[in-house]
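# Inside the fold
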Amino acid sequence: MIRASEVICRFMDDIVSHEFEQSRMHIPMGIESYMKQHGVTREEACDELNKQIVKAWKDINKESLIATQVPMLVARIVLNSTLNVLCRDGDEYTHVGKLMKDLIVWMLRDPMSM
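Overview of the structure. Keep in mind that this is a model prediction, so the values were computed, not measured.

Conventions adopted
- Residues numbered from 1 in each chain as written.
- Predicted model: local features only at pLDDT ≥ 70, side-chain atom pairs only at ≥ 80, totals over all residues.
- Heavy atoms only, no water.
- Helix = DSSP H or I, 4+ residues; strand = E, 2+ residues; numbered from the N terminus.
- Buried < 20%, exposed > 50% of the residue type's maximum accessible area, 1.4 Å probe, protein only.
- Contact = heavy atoms within 4.5 Å.
- Areas by Shrake-Rupley, 256 points an atom, 1.4 Å probe, with all protein chains shown as cover.
- Axes fitted to C-alpha atoms, helices over the stretch in contact; angles between N-to-C directions.
- Parallel < 35°, antiparallel > 145°, perpendicular 65-115°, else oblique.
- Left-handed = near helix turned anticlockwise from the far one by under 90°.
- Nonpolar A, V, L, I, M, F, W, Y, C, P; charged D, E, K, R; others polar.

### Side note on the overall build of the chain
- Helix and strand content of the chain: 5 helices and 0 strands.
- Reading the helices (α) and strands (β) of the chain from amino to carboxyl end gives α-α-α-α-α.
- Looking at the chain as a whole, 26% of its 114 residues are labelled buried.
- Restricting the contact set of the chain to residue pairs at least 6 apart, pairs at least 24 apart contribute 51%.
- Summed over all atoms, the accessible surface of the chain reaches about 8,400 Å², with 61% contributed by carbon and sulfur.

Shown next as C-alpha cells:
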C-alpha cells in the first residue's frame, strides 16, 4: 500500500508540475524519462502515467481488503487528504500556497492526540 501511494503521489506530481520543472532545468522527471525511453509524446507519456496511477489505486483497494494493524479508515483519510491537497488544483508541493501553509499551521497548532 505504501509503494502504491508513492507511485500515485510521484506520478500525479510529475503530471501537474512537468512544464514548471522543465523551465527550471530541474532533474528529469518521470514524464521526460518515459518519453525518451519509449520514443513517445508528452501526451502518450501522461496517458501511461495515468494508467499506472489507476493500477496503483487498484493495488490499494486490493490491500484494503486485507486486515492490517493500521485501521483502514485512518489510512484512507491520510492518503486521500494528502493527494487532495498536493495535486488537486496544481502542484501544491512545489508551489506552496495559502492552503498548504494554513494546513501546516493547523496541524502544528492543533495536533491530533493519539
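Now that the structure has been shown, the text picks up again.
### Describing the packing of helix α2 (residues 30–38) against helix α3 (residues 42–64)
- Where α2 contacts α3, the axes come no closer than 9 Å and their chain directions differ by 115 degrees. Taken together, α2 and α3 sit at an angle that is classed as roughly perpendicular. When you trace α2 past α3, the crossing you get is right-handed. Between α2, through G30, I31, Y34 and M35, and α3, the contact on the second element is made entirely by R42, A45, C46, E48 and L49.
- Here the residues of the contact of α2 with α3 sort into 6 nonpolar, 1 polar and 2 charged.

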